[in-house]
Amino acid sequence: MVTKRNMAPRFWPISVKENKYVVSPTPGPHNKTECIPLLIALRDFLKIAGTMKEVKELLNSGIVKVNGINRKDLGFPLGLMDILEIDGDYYRIVPSKYGLKLLTTDEKDGEIKLAKIRNKTHVKSKRLQLNLHDGTNIFVDKDDFKTSDVVMINIKNGSILNTLKFDKGNVAVVTDGNNRGLIGKIETIDKKLKTVSLINGERSVLVPLRYVFVVGHHKPEIKIGE
């Protein structure tokens with residue numbers, strides 16, 4: 001499927017004059033305005049393929065994985081904190097001032113997926129299910145998680161390695177809005193107004209709670225950028 005270029009997110013590095021139509025993200029775990037289709041990621045962001053045909057050949061070779069799973073769909077959407085692996089090279093999708101970007105990382109870091117807890121539900125078996133920001137779910141045995149906490153998941157076996165609590169003093173990144181991409185320490189949390197104050201150096205910013213994504217305790221647990 002394709003869409004007109006002027007309907008695509010502005011952070012996609014595609015010329016309006018050269019590209020009247022672009023690939024549409026396949027319906028999936030991420031909003032179509034908050035993701036990067038594999039074609040765009042490989043051809044236009046990373047420039048490891050020059051044409052759609054070359055991207056197809058790359059995908060069909062089986063060396064491209066998203067969160068540890070082989071993907072061959074040109075429009076498969078890459079979203080916040082997803083891990084893209086290409087024949088042993090790793091990239092994390094992170095927020096930046098202008099939108100999402102692909103951040104080069106290493107194998108150890110690339111085995112860890114961060115996922116924010118949107119809500120929690122109890123299923124018929126009375127097990128607790130965590131509903132995550134990327135549309136996936138994970139079952140846990142103990143109810144020691146809360147909404148807006150972030151779980152660190154091993155993409156190879158799906159196990160939870162650690163929980164990054166949505167608490168004062170922890171480090172977070174802003175995922176949207178005017179301060180998108182900013183990394184700072186949580187100073188205050190106002191659940192009534194649904195706002196969070198973050199400190200970055202001597203700068204303090206107030207952002208909506210929904211834009212705050214915890215990435216570490218005293219420092220980021222993964223490579224996230226400057």
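What you are looking at is a predicted structure, and each value in this text was computed from that prediction instead of being measured.

What should I look at first to understand the environment of Ile 36 in this one?
Mapped onto the fold, Ile 36 is located in strand β3 (residues 36-37). Here the alpha-carbon distance between Ile 36 and Val 215, two residues 179 residues apart in the chain, equals 21 Å. Among residues more than four places away in sequence, those in contact with Ile 36 are Phe 11, Trp 12, Ala 41, Phe 45, Phe 76, Pro 77, Leu 78, Leu 100 and Leu 102.

Help me understand the environment of Asp 89, please; the structure alone is not making it clear to me.
Tracing the backbone shows Asp 89 in strand β8 (residues 89-96). By relative accessible area, Asp 89 is classed as partly exposed at 44%.

It is not clear to me how the sheet that holds strand β7 (residues 83-86) should be interpreted in this structure. Could you clarify?
Note on sheets: strands pair through backbone hydrogen bonds, and any given pair is parallel or antiparallel. Ordered in space as β5-β4-β7-β8-β9, the 5 strands form an open sheet in which the pairing is antiparallel. One side of each edge strand has no neighbouring strand; the edge strands of this open sheet are β5 (69-70) and β9 (99-105).

Please clarify how the pairing of β9 should be interpreted in this entry.
Here β9 lies mainly inside the structure; 5 of its 7 residues are buried. Note: β8 against β9, 7 bridges, orientation antiparallel. Across the sheet, residue Tyr 91 finds its bridge partner in β9, namely Thr 104. The hairpin turn running from β8 into β9, its antiparallel successor, is 2 residues long.

Thresholds applied
Residues numbered from 1 in each chain as written. Predicted model: local features only at pLDDT ≥ 70, side-chain atom pairs only at ≥ 80, totals over all residues. Heavy atoms only, no water. Helix = DSSP H or I, 4+ residues; strand = E, 2+ residues; numbered from the N terminus. Contact = heavy atoms within 4.5 Å. Buried < 20%, exposed > 50% of the residue type's maximum accessible area, 1.4 Å probe, protein only. Pairing = 2+ DSSP bridges.

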